[in-house]
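The residues making up each chain are set out below.
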Amino acid sequence: MPDPLLPPPLRSESMTLNLGPQHPSTHGVLRLVLELDGETILRATPDIGYLHTGIEKNAEKLFYSQVIPLTDRIDYVAPLSNNLVYCLAVEKLLQLEVPPRAQWIRVLLTELTRINNHLVWLGTCALEIGAMSIFLYCFREREEILKVFEAVSGQRMMCSYFRIGGLAGPIPLDFHHQLDLLLKILPERFDEYEELLSQNRIWLGRTRGVGVLTPEDALAYSISGPNLRASGIAHDLRKAEPYSGYENFDFDVPVRQEGDVYARYLVRMEEMRQSVRIIHQALEGLPEGPFIANAPGIVLPDRDTMKTQMEALIFHFKLVVDGFAPPAGEVYLPIESPKGELGCYLVSDGSPRPWRMRWRGPSLLNVQVLSKLLPGHMIADAIAIIASIDFVLGEVDR
Amino acid sequence: MTDWLTRNAVFVITLAKIGLVLFVLLTAVAYLVWVERKLIAHIQSRWGPYRVGPHGLLQPLADGLKFLFKEDIFFPHATSRFVYLLAPFLAVTLGLMAIAVIPFGSGKFELLGTQTGLYIADINVGLLYILAVTSLTVYSVALAGWASNSKYPLLGGLRSAAQMVSYEIALTLSVVGVLLLAGTLSLRELVEAQQGHWGGLLPRWFIFPQFVAFLCFFISGVAETQRLPFDLPEAETELVAGFHTEYSSLKFAMFFMAEYAHMITASLLVTLLFLGGWLSPFPAGEFWAFTRYLPAAVAAGLAVVFLQDSFHHQPLSHRVLVILVGLALAGVAWGLFTGPALLELVQGPFWLLAKAAIFLFIFIWTRATLPRFRYDQLMAFGWKFLVPLAVLNIMVTSFVVAWGAD
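What counts and how
By convention here, each chain's residues receive numbers from 1 onward along its written sequence. Whichever chain is written first is A, and whichever ligand is written first is 1; the rest continue in order. Whole-chain, interface and lining totals are the exception, using all residues; otherwise, since this is a predicted model, local features are given only for residues with pLDDT of at least 70 and side-chain atom pairs are given and counted only at 80 or more. With hydrogens and water excluded, all non-hydrogen atoms of the structure serve as input to the side-chain values. Counting from the N terminus, the helices are the DSSP runs of H or I reaching at least four residues and the strands are the DSSP runs of E reaching at least two. The contact rule is simple, with two residues in contact once any of their heavy atoms fall within 4.5 Å. Working definition of accessibility: Shrake-Rupley area with a 1.4 Å probe, residue cover restricted to the visible protein chains. Residues scored as positive are Lys and Arg, those scored as negative are Asp and Glu, and His as well as the terminal groups of each chain are ignored. Just so you know, the charge point we use is NZ for Lys, CZ for Arg, CG for Asp and CD for Glu. Residues forming no salt bridge and having over 30% relative accessible area are the ones grouped into patches, like charges within 9 Å of each other and nonpolar side chains (Val, Leu, Ile, Met, Phe, Trp, Tyr) within 5 Å. Salt-bridge detection follows one rule: a side-chain nitrogen of Lys or Arg within 4 Å of a carboxyl oxygen of Asp or Glu. Buried area, as used here, totals the accessible surface that two parts lose on assembly, with accessibility defined by a 1.4 Å probe and the loss added over both. In the analysis that follows, any N or O atom pair within 3.5 Å is treated as a polar contact, provided that within protein one partner can donate a hydrogen and the other can accept it, and provided that, for residues neighboring in sequence, both atoms belong to side chains. Classification convention: Asp, Glu, Lys, Arg as charged; Ala, Val, Leu, Ile, Met, Phe, Trp, Tyr, Cys, Pro as nonpolar; all other residues, Gly among them, as polar. Exposure categories follow from relative accessible area, calculated using a 1.4 Å probe and restricted to protein chains: below 20% of the type maximum is buried, above 50% is exposed, and the middle band is partly exposed. Following DSSP output, two strands are said to pair if at least two bridges run between them. Fitting a line to C-alpha atoms yields each axis, with helices limited to the stretch in contact; the angle taken between N-to-C directions then spans 0 to 180 degrees. For the purposes of this section, nonpolar cores are sets of buried Ala, Val, Leu, Ile, Met, Phe, Trp, Tyr and Cys residues that join through side-chain atoms within 4.5 Å. Multiplying 1.5 Å by the helix residue count minus one yields the expected span of that helix. By arc we mean the arc of the directions from the helix axis to the C-beta atoms, nothing more.

Asks: Residue-level account of the overall build of chain B, with values.
Replies: Each helix and strand in chain B was counted, giving 14 helices and 4 strands. Across chain B, contacts joining residues at least 24 apart in sequence account for 78% of those joining residues at least 6 apart. Carbon together with sulfur atoms contributes 73% to the accessible area of chain B, which is approximately 19100 Å² in total. Distance between charge centroids for chain B: 6 Å, based on 23 positive and 22 negative side chains.

Now the structure itself:
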């Protein structure tokens, strides 16, 4: 029975806040339903599906080679990694050998993509925590990387440069020169970012001990990539199951034990430096040879042969009109994309179109862990955690 | 007519001064935005405003016009229409009111037969007045957050209410040390107490004996004006736009102007309290006499820069504009070089504004550099660091003052 002398207890209730789908820091159109007690989050429910593009379904209506431009648009921050995983999956289905030069350039460009992705990540994460200038510095360097992509493929973002069996074309003549310049400035710029952030008291206060992801949880939620390595598990597919010739490169896999936002930041910073190392090695040891496999019936013949040889013309015509039909079967191939384990699962029924394409994107799993990480934190931390976990809505919804 | 003017001289002159100061302040607010955009842009290796007028110099006008012509949305779910409209009005009024007691110099001049100085009002509790007016600002923010009847503004309003009340305490406590040394609340006398030089070189500004108080005051001042790293109430990436999310058009512009007016007031106040206000940093005497011509030299230098720069501008209108500004500056420089009375009069405002500009630069610089605090860290920093530090400063200062008095 309540004490009649005391005033009745104040009625209080939690507040439900819709963070997104249109909010400056939800990286697109993620909707988070937050239940708040003051500024403290009691429950967080991610709601996805605002950027559904139907890419997986669309792939079933296209020839194998026509799917490549679609994959660009899945994770639009790291398009070449998507190209790579798709091409590798189809090549595995076809048992197709890719010439070493193509493999090395693929490694080089996907590592450049990794730097590109991490720069975007660092910029937006810093912006979310209030450090506005870092954002513009990162995008300044990203612009230089996009210039390389443009020189190589003619496209800044949606490169579609990889083909089944190799590359779309040879690299430009001044490629080495361009990359040399880029590789000279990048490590300096990384130092510059670290100088602004790594020892900054406010940055440390905002990131240390915030959004701690334990190794057990990370495994239970099948988190991969930098987020997993920031939680103390040294798993990197480039080392564990090397693809595209990664076994030829010498690089370290950065690991941190803390599992907080700061650890995720440090891991990504170090990964960028390691990527620079890999690119250096790839540039120095770039093998000579063809940039695409010699596989008539699968790979388009080059223009000259097509104009002069009857057989090549027939192959060209057949490929464009009918596509190629890999043997029936299914294949799953994962790579280490900048965001984590990116897998492509293909089912072939022996027709020239994939019967089913399924994309195992790390972004979806990263978003999933938010409902685990956010409760107990304040809104400001929630923003930092969302930014630190790195996802792209295009890959979440596909 | 002249008769009437002379009889009501005080009234007329005060009105004219209010008009002039408001005009200058509002222009300064507009151009502070331009300076901020330009400075931050250059820090971030961008160009900033560039298209409207030479170097984007007409951008503030364009922005102002845009605010005027934007649709004035009255947020339909507002809790109370009156409070919703009151909030921006309160913000801008309080922001502009604080300037009333700022003295811009010690110079006196005669107008309509009356002696008058470079201030609107010289009241003996000027500092108290400024602290009172600026602390009322919290109402505008809290009321805006509440009246919008929306979740992000509400959170922004709550944050800012807590933040401003907390930092108000550190701000006021840090001033006490200066007050103990000067023994007055009048801003004019506070500055006059800083006259002279130690050892004939180091100015007797309060920043040197009261450095801790200066740091506390400036940090709290940044927090009071809600600028980065303390801009939580309107943290864009967290609360969309904070307390003014549901305001548009001129109502938003009012909040915007209030923030920048507060920045200017805070910078002026720091200058008055700690950097000797309008006093020249150079000692008096024959050797330093040439420094009296600095304002004229700066105007002349700027005139040369503008006139030389005019060659680079392509559209004729831009070139003419730059040349006109350059000629106006040259005229000012000429007037200063040839008119000793005028030169004497501008000494005060020149040094005051020059020193205030340093703080305005720091305001903008921190915004371009630092990340943002979290709400609880902000509170902890205010209550557990700044307030104890300010109290310690008061204790030490009062001990020294009492010891010296014996």
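Asks: Could you give an account of a nonpolar patch on the surface, naming the residues involved and the relevant values?
Replies: Taken together, the side chains of Val391(B), Leu392(B), Met395(B), Val396(B), Phe399(B), Val400(B) and Trp403(B) present a nonpolar region at the surface, about 760 Å² in accessible area. Among the structural elements, Val400(B) can be located in helix H14 (residues 375-405).

Asks: Tell me about the interface of chain B and chain A, residues and numbers included.
Replies: In many reports, interface size means the accessible area that the parts give up when they come together. Contact residues are listed per partner, giving 27 residues for chain B and 34 residues for chain A. Interface area for chain B against chain A, summed over the two sides, is near 2500 Å², with a carbon-plus-sulfur share of 60%. Across the contact surface, chain B and chain A share 2 salt bridges. Of the charged contacts in the structure, one is a salt bridge between Arg159(B) and Glu39(A), with a shortest N-O distance of 2.4 Å. For the interface between chain B and chain A, the tally reads 11 residue pairs in polar contact (both at pLDDT 80 or more). Those elements giving two or more residues to the side of chain B that touches chain A turn out to be helix H2 (9-43), helix H6 (151-182), helix H9 (236-239), helix H13 (340-369) and H14 of chain B. Of the residues that constitute the side of chain B that touches chain A, the class distribution is 13 nonpolar, 5 polar and 9 charged.

Asks: Which residues make up unusual backbone geometry, and what are the values?
Replies: The phi dihedral of Asp390(A) is positive, around 60 degrees, even though this residue is not glycine. Summarising the element assignment, Asp390(A) is placed in the loop between helix H16 (379-389) and helix H17 (393-397). One non-glycine residue, Ser45(B), adopts positive backbone phi at about 50 degrees. Structurally, Ser45(B) can be placed in the loop between H2 and helix H3 (59-69). Of the residues examined, Ser45(B) reaches a relative accessible area of 41% and is grouped as partly exposed.

Asks: If you had to explain the sheet that holds strand E6 (residues 329-337) of chain A to someone new, which residues and values would you point to?
Replies: Residues and elements named next belong to chain A. What the 3 strands build is an open sheet, ordered E6-E7-E8; its pairing is antiparallel. A strand with exactly one partner marks an edge of an open sheet, and here the two such strands are E6 and strand E8 (356-360). Going across the sheet, the axis of each strand differs from the next one's by a mean of 15 degrees, ignoring polarity. Against the sheet, helix H3 (residues 79-94) contacts E6, strand E7 (340-348) and E8, and its axis sits at roughly 150 degrees relative to E6.

Asks: With reference to specific residues and values, describe the sheet that holds strand E1 (residues 15-19) of chain A.
Replies: In any sheet, the strands associate via hydrogen bonds between backbone groups, in a parallel or an antiparallel arrangement. Strand order across the open sheet formed by 3 strands is E1-E2-E3 (chain A), with antiparallel pairing between neighbours. Only two strands of the sheet have a single neighbouring strand rather than two, namely E1 and strand E3 (40-47) of chain A. Direction aside, neighbouring strands of the sheet carry axes that sit 20 degrees apart on average. Relative to E3(A), strand E2 (residues 31-37) of chain A is paired through 7 bridges, and the arrangement is antiparallel. Each residue of the ladder has a partner; that of Glu35(A), found in E3(A), is Arg43(A). Most of the contacts of H16(A) go to E1(A), to which it runs at about 30 degrees, and overall it touches E1, E2 and E3 of chain A. Against the sheet, H6(B) touches E1 and E2 of chain A, its axis set at about 110 degrees to E1(A).

Asks: So what's going on with the pattern of salt bridges? Residues and values would help.
Replies: All names here are of chain A. Within the structure shown, the criterion is met by 33 salt bridges over all chains. We note a salt bridge from Asp 252 to Arg 277, for which the minimum N-O separation is 3.2 Å. Highlighted residues: Asp 252 in the loop between helix H10 (237-240) and helix H11 (261-284) and Arg 277 in helix H11, separated in sequence by 25 residues. Classification of Arg 277 by relative accessible area gives partly exposed; the value is 29%. We note a salt bridge from Asp 322 to Lys 318, for which the minimum N-O separation is 3.4 Å. Placement of the pair is Asp 322 and Lys 318 together in helix H13 (residues 310-322), with a separation of 4 residues, close to one helical turn. Assessed through its relative accessible area of 45%, Lys 318 is described here as partly exposed. Look at the salt bridges and you will find they share partners, linking Glu 111, Arg 114, Arg 229, Asp 236, Arg 238, Glu 271 and Glu 336 into a network.

Asks: Could you give me a rundown of the side chain of Glu336(A), with the residues and numbers involved?
Replies: Residue and element names in this part refer to chain A. If you trace the backbone, Glu 336 turns up in strand E6. Relative accessible area serves as the criterion here: at 2%, Glu 336 is assigned to the buried category. Here the side chain of Glu 336 touches Arg 229 through a polar contact of 2.9 Å, side chain to side chain. Beyond its immediate chain neighbours, meaning those up to four positions away, Glu 336 contacts Arg 114, Gly 225, Arg 229, Asp 236, Leu 237, Arg 238 and Tyr 243.

Asks: Quick rundown of the nonpolar core? Include the residues and the values.
Replies: Residues and elements named next belong to chain A. Tyr 86, Leu 109, Leu 112, Ile 115 and Tyr 161 are the most contacted members of the largest nonpolar core, which has 87 residues in total. For this core, the leading source of residues is helix H4 (residues 100-129), giving 14 residues. Those residues in contact with Leu 112, other than ones at most four positions away along the chain, are Ile 145, Val 148, Phe 149, Leu 179, Leu 182 and Ile 279.

Asks: How would you explain helix H11 (residues 294-309) of chain B if you had to name every residue and give the values?
Replies: Residues and elements named next belong to chain B. Spanning 16 residues, H11 covers 22 Å between terminal C-alpha atoms, matching the ideal 22 Å at 1.5 Å per step. All of the buried residues along H11 are Pro 295, Ala 296, Ala 299, Ala 303 and Asp 309. All buried residues of H11 project into a common sector of 160 degrees when viewed along the axis, lining one side. The inward-facing, buried residues of H11 abut helix H12 (316-338) and H13.

Asks: Would you mind going over H3(B) in detail, with residue names and values included?
Replies: An α-helix turns once per 3.6 residues; consequently, residues spaced three or four apart project the same way. All names here are of chain B. Among the residues of H3, Gln 59, Pro 60 and Phe 67 are the ones counted as buried. Relative to the axis of H3, the buried residues are bounded by an arc of 100 degrees and lie together on one face. What points out from H3, more than 90 degrees from its buried face, is the exposed set Leu 61, Leu 68 and Phe 69.

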